[in-house]
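Structural features, examined
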Amino acid sequence: DAVYDFAAIQAKWLPVWDELQPFRAGLPGDTRPRKYVLDMFPYPSGDLHMGHAEAFGFGDIVARYWRQQGFDVLHPIGWDSFGLPAENAAIKRGTDPREWTYANIAQQKASFRQYAPSFDWSRELHTSDPEYYKWNQWLFLELYKRGLAYRKAGQVNWCPNDQTVLANEQVVDGHCERCGALVTKKALTQWFFKVTDYADRLLDDLNQLEGHWPQRVLSMQRNWIGRSSGADVEFEIEGREERISVFTTRPDTLFGATFMVVAPDSDLAAELASGAGPDVRMRFQDYLDTVRGTTEMDRLNQERPKTGVFLERYAVNPVSGERLPIWASDYVLADYGHGAIMAVPAHDQRDLDFARAFDLPIRVVVDTNAPVTGVIPVIQLDEQGVPILPEEPPALDPASTGVALAGEGRMVNSGPLDGLSKVNAIKRMIELLESRGTGRAAKNFRLRDWLISRQRYWGTPIPIIHCPACGEVPVPQEQLPVRLPDAEGLDLRPKGKSPLAAAEEWSTVSCPQCGGEARRDSDTMDTFVDSSWYPLRFLNPNDDTRAFDPAEAEKWAPVDQYVGGVEHAILHLLYSRFITKVLFDLGYISFTEPFTSLLNQGQVLMDGSAMSKSKGNLVEFADQLREHGADALRVTMAFAGPPEDDVDWADVSQAGAAKFLARAWRISGEVTSSPDVEWKTGDPALRRVTHRLLADAPGLVEAYKFNVVIARLMELVNATRKTIDQGPGAADAAVRESAEVIAMILNLFAPYTAEDMWQRLGYEPTVALAQWRKADPALLVEESVTAVFQVDGKVRDRADVAPKIAPEELEALAKGSAAVVRSIDGREIANVVVRAPKLVNIVTRR
Ligand code: ANZ
Ligand code: ZN
C-alpha cells in the first residue's frame, strides 16, 4: 500500500503551485473582501534559521486561514537588505556588500520555496535596490520640507569599536547593541527625524491597540515614550539677565528646594562657570573632563556616590525669595527637561544623597505621616477591649535616616500650600506660578528625536547637497534616486566619517539652486527608515512614479495581522507608527496606526538557552527541513505550545509530527465513497466530531491557539481511523467528509500533505483555495443520555436529555411526563430525588 513519502510529495507539488500561482493578491475583478497579513521581513544575514521557521509558519497559518474564509489575502515577502552586517562581512572578506547580501537573499529564497509559505512572490522587494531606496529619499524630503528632518550638532552615542554613531535605542545598558563595546559620546552634526513632535499621539494612540497588541509591547512603548507631567519653573539667577527653567514633576515641593543642580555637560553649566572665579572655572573644567568619560549608564546609577562642583552662583526661589546655591553634577542629564533641576532633598532620593554628600540644607515640606484622605482612622480594640495604639510613626527626618520622603501626605512649611494634599498642592502651585509669570504646567518626554544619520556605506544616501553659497539644498525629485557609488575602491572601514565622502566623483556635484560647485551629504540613513514604511511599498512595488498608491493603501492597509519578534517591540514599531502618522498628516493615507493586530512569537531555544554558533547548540533550519520535510517542521512549530511562548527544540519531536501527518494522509487513500456522496447518510458520531472542529477552529485560529487546532485535528484523525477500522467502515459518507475537512484544515499547517490528500480525495489543486465548510448546527448539540423517571421507585417513563442538563430542568421534564402524572394520580408529592442526568424519583404521600 501507499507510503507517505514527504520528499516525493514536496517535489510533486512545488512545480504545480509555481504554475498556478494561487497566492497572487488583488487580481483585477477580484471582489472578495481583503486582508493584509505580514511577517516582519527578514534581514538576509545568512540562510533562514529556526526563528524564521517559527514566525513565518505562524504568519502563514493566519494568511491561509483568511483565504479559506473567503478573503483576498495579501501576504507579501521582501528583504530588509541594507545594514551593518553586510558591510562588516564585506570588510572582513574584501568583497562588495552587494554580493554578500544578494547571495544570502538567493539562499533564503530557496529555503522559503521549500518551506512554502503562501507568499505573493510577484511583490518581492529588496530595500537595497535603488527602485526601493529612491522612495526612502522621497520620504526623507517629505519630512525635510515640513521641518521634520533636520540637522543638529550634538553629543551623540559613539561606538569606539564600530566607529559609528548609535541611536539611543542601540545602546543597551551603556553598551553597543551590536558589538558590546562601551559606548562613549562624540560631537557630530547629524540628521534627525522629529519624532518628539508626535510624542503625545504616539502615546495616546496606543489605547486603540489595547487588546490587539501584546500587553508587554504596549507597556514597552509607553515606557519608551515616557511622558511625565508637572511644571516648568523659572528661576532668576544673580548676575544673569535671563531666567532659567527647570522641569519638575513635583512643583508642590518648591518651598523645599534648597539648591539647584545643572548638568555639567550643558551650555548653561559652561556659561555659569565662566561667570565665576578662576578657581571655580578650573574645578569645573576638571570635573567636566571626568564626566565626559562617564557612561550614561553610570550617570543614571543611583548607587554611585554623588559628585559635583559648586559654581558659586545663586538662583532665587520664585515663591519664597530664598537664595539657592547652584551646583553642577552628573546625575542631572543635559538632554532631559531643561538640563537643570531644583533640588528638593527631603523628598527626592538623588537630591538627598547629594545634599548629604555636600552638607546642603534639607527641609521637609510634606508631612508623610499625616493622613491623605479626610477619613478619621478607626480605633482598633484588642481582645480585652483596650484600644490598640497606632505604631509610632516613622521620623520625618531624611537628614538622619538618609531616606527621602517620597510618599503622599500634607504640605507643611509651604506658606499658602500648608495643609493641602499633593494633588491639590500641585494645582495650587501651578496657579501661583502662572499668576506671577514664573512657571506653567508642562510635560516632558523620555522620547528623543530619531537620529537617522549613519557614517556607513551600505544604506540609503541622504538626498541633500551642501552648497557653500546656498547651504542645505534638497536633491530635486527628478534626480532621485541618489544611487550609492560603487563600493570598489572605497575603504569601508569605519572611521567616524562616511566612506561615501571619499568617493570624490560621486560627492562633487553642481548645486541644484545656483549651479556652483557643491558636495553631496555623505551620510546614509538608519535602516529603520527603510522598514518604517515597507508595508505600503508592497502594494505596488514596481511603480516607479511614486512610493505607493494611496488608492491601493485605501484598499489594503493598514496591515490586519503583523507577526514578528519582540526584539522589535520598541524601535521598528515606534518608527513605523511615527511615519504612518506623518503620512496621514500629509494626506497620503487615511489611517494612523500601521498594524491593527500584532503577534509576537516566542523564541526557539535549545536546552533552555538561545541557539548560537558559539554555544554549539545551533539547530540548522536546512537540516531540519531535510530530515522530516517542511510539513513536519511546520506542524512541530505550531504544536509546540502557544505561539507567544518560547519553544525548546530539545523538547519537541518532529518524528511525532511526521507520524501524525502519515496517519492523516493514509485516510485520504482509503476513502471509497465518491465526492458526490450524501453527507447526511454518514455516521452521526464521526460527523459530530468533524462539525465540532469546523465550528471551533475559526475562533481558535483567531485567538492564535494553533496548537489546540492541531490537537483537535489529531482527535479527528483518530476518530476517523476508528470509524474505518471498527465502525461503519471506509465507505461511510462521514469518513469522506472528515477526510476532506482534515485536508482543508491541515492546509493551514502542512500544505504539501493537505494538497496531496485533496488530490487523493478526487479534487483539483489547490486545497488552499477551498472554502471553509460551515458547521451544521444540528450536529453541534451534544450526544444525549437516557434519563429514567420513577414514581415511588417504579420506572414510569424515560427521556433522552443532554448530559449537562440542569437538575431543575430534569425535574420539570419528569413532572411533565404524561406517564408520570398518570402514575402520581393526584397524590401529594412528599419528596423528589434528582440525580441529573440519569434519574428522577418522585415520592408520594399515601
Ligand atoms: C523636584 C522634585 C522633587 C523632583 C521631588 C522629583 C521629586 P521623570 O519622572 O523621570 O520625568 N529631573 C528633571 N530634569 C532632570 C534632568 N535633566 N536630569 C535628571 N533629573 C531631572 O523625573 C522628573 C524629575 O526628575 C523632576 O522632578 C526632577 O526632579 C528630575 F520630590 O523636581 B523633580
Ligand atoms: Zn548653491
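Only a predicted model underlies this, so the values are computations on that prediction, with no experimental measurement involved.

Looking at the coordination of the zinc ion (ligand 2)
Surrounding the zinc ion (ligand 2) are the protein donor atoms Cys467 (SG), Cys470 (SG), Cys511 (SG) and Cys514 (SG), at 2.2 to 2.4 Å. Coordination at the zinc ion (ligand 2) is tetrahedral: its four donor atoms span angles of 106 to 115° at the metal. Positions of the donor residues of the zinc ion (ligand 2) along the chain correspond to the pattern C-x2-C-x40-C-x2-C. Here cysteine 470 is found in the loop between strand 21 (464–467) and strand 22 (471–474), whereas its partner cysteine 514 is found in the loop between strand 23 (508–510) and strand 24 (517–520), with 44 residues between them in sequence. Judged by relative accessible area, which is 44%, cysteine 514 ranks as partly exposed.

A short note on the sheet that holds strand 34 (residues 839–844)
Strand order in the open sheet formed by four strands is 32-31-34-33, with mixed pairing between adjacent strands. Every interior strand has two partners, whereas the edge strands, strand 32 (794–801) and strand 33 (829–835), have only one. Recorded for the sheet is a direction-independent mean angle of 15° between the axes of neighbouring strands. Of the strand pairs in this sheet, strand 33 and strand 34 are connected by six bridges, and their pairing is antiparallel. Paired with asparagine 831 across the strands is valine 843, a residue of strand 34. Here helix 26 (residues 807–816) sits on the sheet in contact with strand 31 (785–791), strand 32, strand 33 and strand 34, set at roughly 125° to strand 33.

Here we look at the packing of helix 1 (residues 6–20) against helix 25 (residues 751–760)
One way to put it is that helix 1 packs onto helix 25 with a least axis distance of 10 Å and a crossing angle of 85°. By the angle class used here, helix 1 and helix 25 are roughly perpendicular. Judged by residue contacts, Ile9, Gln10, Lys12, Trp13, Leu14 and Trp17 of helix 1 engage Pro751, Tyr752, Thr753, Glu755, Asp756 and Gln759 from helix 25. When the residues that make up the contact of helix 1 with helix 25 are grouped by side-chain class, the tally is six nonpolar, three polar and three charged.

A short note on the UniProt feature "domain: Aminoacyl-tRNA synthetase class Ia" (unreviewed entry) in the chain
In the numbering adopted here, UniProt assigns the feature "domain: Aminoacyl-tRNA synthetase class Ia" (unreviewed entry) to residues 447–647. For residues 447–647, the end-to-end C-alpha separation is 34 Å, with 26% helix and 20% strand making up the annotated structure.

Here's the deal with the pattern of salt bridges
Within the structure shown, the criterion is met by 48 salt bridges. The closest approach of N and O atoms between arginine 64 and aspartate 60, which form a salt bridge, is 2.7 Å. Residue arginine 64 and its partner aspartate 60 are both found in helix 2 (residues 50–68); the two are separated by four residues, about one turn of the helix. For the pair arginine 64 and aspartate 60, one class covers both residues: buried. Between arginine 299 and aspartate 265 there is a salt bridge whose closest N-O contact spans 2.9 Å. Here the residue arginine 299 occupies a position in helix 11 (residues 296–300), and aspartate 265 occupies one in the loop between strand 12 (259–262) and helix 9 (267–274), the gap between them amounting to 34 residues.

Regarding unusual backbone geometry
Backbone geometry follows two general trends: most residues other than glycine have a negative phi, and most peptide bonds adopt the trans configuration. Between leucine 480 and the following residue, proline 481, the backbone shows a cis peptide bond with an omega angle of 0°. As for its position among the elements, proline 481 is in the loop between strand 22 and helix 15 (504–507). Along the chain, alanine 557 connects to proline 558 via a cis peptide bond; the corresponding omega equals -5°. You can see proline 558 is positioned in the loop between helix 18 (550–556) and strand 26 (559–565). Unlike most non-glycine residues, asparagine 413 shows phi in positive territory, near 50°.

Details of the nonpolar core
Nonpolar side chains in soluble globular proteins tend to be buried together. Counting 90 residues, the largest nonpolar core has Phe140, Trp450, Leu536 and Phe578 as its most contacted members. Per-element tally for this core: the top contributor is helix 5 (residues 130–145), with nine residues. Membership of the second largest hydrophobic core comes to 86 residues, among which are Leu48, Leu633, Ala739 and Ala743.

Re the side chain of threonine 258
Of note, threonine 258 is situated in the loop between strand 11 (244–248) and strand 12. Setting aside anything within four residues of it in sequence, one finds threonine 258 in contact with Leu324, Pro325, Ala343, Pro345, Pro361 and Arg363.

Observations regarding the environment of aspartate 797
Looking at the secondary structure, you find aspartate 797 in strand 32. Those residues in contact with aspartate 797 that lie beyond four places of it in its chain are Ala787, Val788, Phe789, Ser817, Ala819 and Val820.

Some remarks on the packing of aromatic side chains
The final tally for this structure, using the stated rule, is 42 aromatic pairs. Ring geometry for tyrosine 331 against phenylalanine 354: centres 5.6 Å apart, planes inclined by 45°, an arrangement best described as tilted. With tyrosine 331 in the loop between strand 14 (323–328) and strand 15 (340–343) and phenylalanine 354 in helix 12 (residues 349–358), the pair connects residues that are 23 residues apart, well separated along the chain. Residue classification places tyrosine 331 among the buried positions, given a relative accessible area of 9%.

Thoughts on the site of ligand 1
Taken together, 17 residues lie near ligand 1, and Ser228, Thr248, Leu333, Tyr336 and His347 sit nearest. Tyrosine 336 places a side-chain nitrogen or oxygen 2.5 Å from an oxygen atom of ligand 1. Arginine 350 is positioned such that a nitrogen or oxygen atom in its side chain is 3.4 Å from an oxygen atom of ligand 1. Expressed as a share of its isolated accessible area of 650 Å², the protein-covered part of ligand 1 is 84%. Residue assignment for the shell around ligand 1 shows that the elements contributing at least two residues are strand 11 and strand 15. A class-by-class count of the residues in the shell around ligand 1 yields eight nonpolar, six polar and three charged.

Considering the packing of helix 2 against helix 22 (residues 684–702)
Closest axis-to-axis distance for the helix 2/helix 22 pair is 10 Å, and the angle between their directions is 135°. Put simply, helix 2 runs oblique to helix 22. Crossing hand, helix 2 versus helix 22: left-handed. Residues Ile61, Tyr65 and Trp66 of helix 2 lie in contact with helix 22, whose contacting residues are Pro698, Val701 and Glu702. Of the residues contributing to the contact of helix 2 with helix 22, the split by class is five nonpolar, no polar and one charged.

Conventions adopted
Residues numbered from 1 in each chain as written. Chains lettered and ligands numbered in written order. Predicted model: local features only at pLDDT ≥ 70, side-chain atom pairs only at ≥ 80, totals over all residues. Heavy atoms only, no water. Donors = N, O, S within 2.8 Å, 3.2 Å for Na, K, Ca; no water. Tetrahedral: all angles 85-135°; square planar, octahedral: opposite > 155°, others 65-115°. Helix = DSSP H or I, 4+ residues; strand = E, 2+ residues; numbered from the N terminus. Buried < 20%, exposed > 50% of the residue type's maximum accessible area, 1.4 Å probe, protein only. Pairing = 2+ DSSP bridges. Axes fitted to C-alpha atoms, helices over the stretch in contact; angles between N-to-C directions. Contact = heavy atoms within 4.5 Å. Parallel < 35°, antiparallel > 145°, perpendicular 65-115°, else oblique. Nonpolar A, V, L, I, M, F, W, Y, C, P; charged D, E, K, R; others polar. UniProt positions renumbered as here; feature names shortened; annotations may be inferred. Salt bridge = Lys/Arg side-chain N within 4 Å of Asp/Glu carboxyl O. Core = buried A, V, L, I, M, F, W, Y, C linked by side-chain atoms within 4.5 Å. Phe/Tyr/Trp six-rings, centres within 6.5 Å; stacked < 30°, edge-to-face > 60°. Near = heavy atom within 4 Å. Polar contact = N/O pair within 3.5 Å; in protein donor to acceptor, adjacent residues only side chain to side chain. Areas by Shrake-Rupley, 256 points an atom, 1.4 Å probe, with all protein chains shown as cover. Left-handed = near helix turned anticlockwise from the far one by under 90°.

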